[in-house]
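The lines below spell out each chain.
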Amino acid sequence: MAAASSRMAPSSYYCRTTACTLAILLISSCLAKQTNIDYKLIRFRRQPTVLRNDAVWSIGCLQVGHALVQGCSELFKPRRQRVRRSPLPGHKIRPMEQTNQKTNQGLGIPTGYQNRSEAYRPPHLPCVHAKSHTRCFCTLESQGFFCLGTFFAVIPHPPLPLIQESWYPQRLDHFHRQRGGDEPTFPQRYFICDKFWSQKPGGPPGPIFFYAGNEADVTLYVNATGLIWEHAEEFGALVIFVEHRYYGKTQPFGPDSWSTDPSYLSVEQAMADYATLLWHLRSQMGAEDSPIIAFGGSYGGMLAAWLRLKYPHLIAGAVAASAPVGAFPGVPGWEPSRFWQVVTYDATASAGAAPACASNVRAAFRHVLTLGRTVGGRKTLGRLLRLCEDIQDEAAVVDVAYWLQGAFDAFAMGNYPYPSTYIIGDPDHPLPAWPMRAACNHLASNGLQPSDLVEALRDAVGVFYNVTGGVQCYNAQTSGPAAGSRGPWDYQWCTELMGQELPYYPTNGVSDMFWDQGAFDLEAINAHCQEAWGVTPWADWSALTYGGLNYQYASNIVFSNGLYDPWSAYGVLQNVSNSVVAVIIPEGAHHLDLMYSSPADPPSVQAARQVEMRHVRRWTDQFYKMQEERRNCTDVKGTGQGYRASGTDVPMESSMASVA
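Quick notes on the rules
Residues numbered from 1 in each chain as written. Predicted model: local features only at pLDDT ≥ 70, side-chain atom pairs only at ≥ 80, totals over all residues. Heavy atoms only, no water. Helix = DSSP H or I, 4+ residues; strand = E, 2+ residues; numbered from the N terminus. Buried < 20%, exposed > 50% of the residue type's maximum accessible area, 1.4 Å probe, protein only. Contact = heavy atoms within 4.5 Å. Areas by Shrake-Rupley, 256 points an atom, 1.4 Å probe, with all protein chains shown as cover. Disulfide = S-S within 2.5 Å. Axes fitted to C-alpha atoms, helices over the stretch in contact; angles between N-to-C directions. Parallel < 35°, antiparallel > 145°, perpendicular 65-115°, else oblique. Nonpolar A, V, L, I, M, F, W, Y, C, P; charged D, E, K, R; others polar. Pairing = 2+ DSSP bridges. Core = buried A, V, L, I, M, F, W, Y, C linked by side-chain atoms within 4.5 Å. Expected span 1.5 Å × (residues − 1). Patch = residues over 30% accessible without salt bridge, like charges linked within 9 Å, V, L, I, M, F, W, Y side chains within 5 Å. Salt bridge = Lys/Arg side-chain N within 4 Å of Asp/Glu carboxyl O. Polar contact = N/O pair within 3.5 Å; in protein donor to acceptor, adjacent residues only side chain to side chain. Phe/Tyr/Trp six-rings, centres within 6.5 Å; stacked < 30°, edge-to-face > 60°.

Draft legend 1. Main features of the overall build of the protein. Looking only at helices and strands, one finds 19 helices and twelve strands in the protein. Among the 660 residues that make up the protein, the fraction classed as buried is 53%. Counting only contacts in the protein whose residues sit at least 6 apart along the sequence, the fraction spanning at least 24 positions is 71%. About 28,800 Å² of surface is accessible on the protein, with carbon and sulfur atoms providing 53% of the total.

As structure tokens, this is what we get:
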């Protein structure tokens, strides 16, 4: 009977044989279709992206093929060993960009989410493989079982935590009351994930991990801030990302609100937004006993630290990564050219670059400016740099030089140990690992002739400007992190002098590898700001309001800075106290420590994350202890003695230990 039961009926045999044939044909078709897809790129990028249609097609193709192969694998198995199941029950493939196709006009709110906070998976949110460093990209309306892996294979992983895209009616102006009581509001976008939030009966709720949104669409930080996602479950944390006003979809006056009325765009208004929203959510969710830990990188790191200063009753602690809180006139020791000194350091052997790189860059810029002095020289320069348009005059030569300089800014800020799209902003074409080293490989030779130097400089900046490899000629317009514009960030520069390195931070050509651009010219900045916005920056305002680098009266802040990051020139680089701590990352670029962990991370980055989360644990423990002491207090009625603690009061600072 056993032998008989293991034999297949002829119809079943032919059916499965047909399945095998179909699987082979289908997978062959898949492979032919995928010739235009870069496997290696998808495998090693560290920031998630929206899949192209051909990639989604290929994944679906391979998943169906995979199901057919599963059927083939059972061809010669005894029937009693087979399990009858639907190969892909309930899973439906969809291109991720379709998620946001239907939006509410003016607000950009997906249809069906305008009036309630439903579970909504943003199109860029990554699936995270819990037991490896593979970053996958969800393509299914399901539990997140299938995702894009090394060879577009079907790779199981834990379900992706649902994150809700929600909108809060935020007050437009927190500091001026409107007569008549009619206070205008605008919808502020935030993302919230309660999958890991611990709410044990009889115990305190878990902490709130809050990311202070930067000067961009908040989904960028939702995707990139791995430090939060990798520790949320361990801490039992509620996760919240809030979008900064005037950026992303949080537009007070509709699209491009900065061009309508930017007057409500300021650090103070943004921080009041965050405090108001957090206060509301904590009350609404019954999370009054949850400590709020603020995280932020770059401008977001500045906001996180300043929130701890301004709202210490609300923010229990802050992790401020690559936060240039000292990058303002009026701060003692402030020197704008120091930014470019760090960029130059990245191009030296001490930072892993070719030894001759920095000196060759300096010599190449010298020759660029020399060629630019004559008509014939400018024609030669345009040919050597492969510019699309002729260089008209010497002023245009300076613009070209700034364009070249901007690439090195990007290389330094994005000098990550793995390929990354974070700085370049092109989801399909990441910068290579250690991009400054990659650029310097073009400038590694000694004894180059002037024309060879210019061509080598062109190829070096091509690592950034020709990341696709298909650029035939260059339009010399500055792009990337160094690009000034008439957008909202330029307004913040013109009102609060929030950092904008090009063209405002000058180089000197001596302590850096560029050329002498003169002194910091506040008069020229004032003229630009008056012409662009009709305002003049308050040069000392940020130093006066937030203290620059003086944090001796603060507590519970970790300032982390990577020494490859040029913004580290204006960061807190020494411990202020046992609770305001500086974490130095010798091989770190722009807030690398906030990003997902990777096998390529240098030991200093791994150690920095451990120190940061050790402090976060201390802050949360400290908060819970104080809450417990408050609950144990009793009012001594009629004695005028106020409250008496049943336990021993412990000063806040005494619970903090120094971290070596």
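Draft legend 2. Just the state of the cysteines, in detail. Applying the stated criterion to the full structure yields three disulfides. What pairs with Cys388 in a disulfide is Cys473, and their sulfur atoms sit 2.0 Å apart. Here Cys388 and Cys473 share a disulfide; its torsion about the S-S bond, 100°, makes the bridge right-handed. Of this pair, Cys388 sits in the loop between helix H12 (375-385) and helix H13 (394-413) while Cys473 is found in the loop between helix H15 (450-465) and helix H16 (488-496), placing the two residues 85 residues apart along the sequence. Classification of Cys473 as partly exposed rests on a relative accessible area of 33%.

Draft legend 3. Representation of unusual backbone geometry within the structure. The residue after Leu502, namely Pro503, is reached through a cis peptide bond having omega 5°. One non-glycine residue with positive phi stands out, namely Asp256, at about 55°. With respect to the secondary-structure elements, Asp256 resides in the loop between strand S6 (238-242) and helix H7 (257-260). Taking relative accessible area as the criterion, Asp256 reaches 45% and is therefore assigned partly exposed.

Draft legend 4. Looking closely at the packing of helix H11 (residues 357-371) against H15. Two elements in contact, H11 and H15, have axes whose closest approach is 9 Å; the angle formed by their N-to-C orientations is 110°. One finds that H11 runs roughly perpendicular with respect to H15. Facing Asn360, Ala363, Ala364, Phe365, His367 and Val368 of H11, the residues of H15 in contact are Pro450, Ser451, Leu453, Val454 and Leu457. Looking at the contact of H11 with H15 residue by residue, the classes come out as eight nonpolar, three polar and no charged.

Draft legend 5. Representation of the sheet that holds strand S8 (residues 315-321) in the model. The eight strands are arranged S3-S4-S6-S5-S7-S8-S9-S10 in an open sheet whose pairing can be described as mixed. Of all strands in the sheet, those with a lone pairing partner are strand S3 (164-171) and strand S10 (580-585), marking the two edges. Strand-to-strand twist across the sheet, computed as the mean angle between neighbouring axes with direction ignored, equals 20°. The pairing of strand S7 (residues 292-297) with S8 spans six bridges and is parallel. The partner of Phe295 across the bridge, within S8, is Val319.

Draft legend 6. Quick look at the nonpolar core. Grouped together as the largest cluster of nonpolar side chains are 165 residues, with contacts concentrated most on Phe210, Phe241, Phe295, Trp306, Phe408, Tyr505 and Tyr551. In terms of residue count, the dominant contributor to this core is H13 (twelve residues). Setting aside residues up to four positions removed in sequence, Phe295 forms contacts with Phe209, Phe210, Tyr211, Ala212, Leu227, Ile228, Ala304, Val319, Met613 and Val616.

Draft legend 7. Geometry of H15. With 16 residues, H15 should cover 22 Å at 1.5 Å per step; its first-to-last C-alpha distance of 22 Å lies within 8% of that length. Every buried residue belonging to H15 is among Leu453, Val454, Ala456, Leu457, Arg458, Ala460, Val461, Gly462, Val463, Phe464 and Tyr465, and all of these are buried. Of the surrounding elements, those touching the buried residues of H15 are H11, H12, H13 and helix H14 (435-440).

Draft legend 8. Up close: a nonpolar patch on the surface. On the surface, Tyr345, Leu563, Leu573 and Ile584 cluster together to form a nonpolar patch covering roughly 290 Å² of accessible area. Within the secondary structure, Tyr345 is located in helix H10 (residues 338-346). Residue classification places Tyr345 among the partly exposed residues on the basis of a relative accessible area of 32%.

Draft legend 9. Fine view of H13. Between its terminal C-alpha atoms H13 stretches 29 Å, which fits the 28 Å expected from 20 residues at 1.5 Å a residue. When you tally the buried positions in H13, you get 15 out of 20 residues, the bulk of the element. One side-chain oxygen at the N-terminal end of H13 lies 3.3 Å from the backbone nitrogen of Ala395; it belongs to Asp393.

Draft legend 10. Representation of the pattern of salt bridges in the model. In the structure shown here, the tally under the stated rule is eight salt bridges. Among the ionic pairs, Arg171 bridges to Glu183, the shortest N-O distance being 2.9 Å. Here the residue Arg171 occupies a position in strand S3, and Glu183 occupies one in the loop between S3 and strand S4 (185-193), the gap between them amounting to twelve residues. Look at Arg171 and you get partly exposed, because its relative accessible area is 34%. For Glu183, a relative accessible area of 29% corresponds to the partly exposed category. Salt-bridge contacts for Asp601 lead to Arg609; the nearest nitrogen and oxygen are separated by 2.8 Å. Of the two residues, Asp601 and Arg609, both sit in the buried class. Three or more residues are tied together by salt bridges with common partners; here these are Glu165, Arg189, Asp217 and Glu243.

Draft legend 11. Summary view of the pairing of S10. Extensive coverage of S10 is indicated by the burial of five of its six residues. The pairing of strand S9 (residues 557-562) with S10 spans six bridges and is classified as parallel. Each bridged residue has a counterpart across the sheet, and for Val558 the counterpart in S10 is Val581.

Draft legend 12. Structural context of the packing of aromatic side chains. The tally for this structure, following the rule as stated, stands at 38 aromatic pairs. Consider the rings of Trp538 and Trp541, whose centres lie 5.4 Å apart with planes at 75°: the pair is edge-to-face.

Draft legend 13. The pairing of S4, seen in detail. The buried count for S4 comes to eight of nine residues, which makes it a mostly enclosed element. In this sheet, S4 lies alongside S3 in antiparallel orientation, the contact comprising eight bridges. Counterpart to Glu165 in the pairing with S4 is Phe191.

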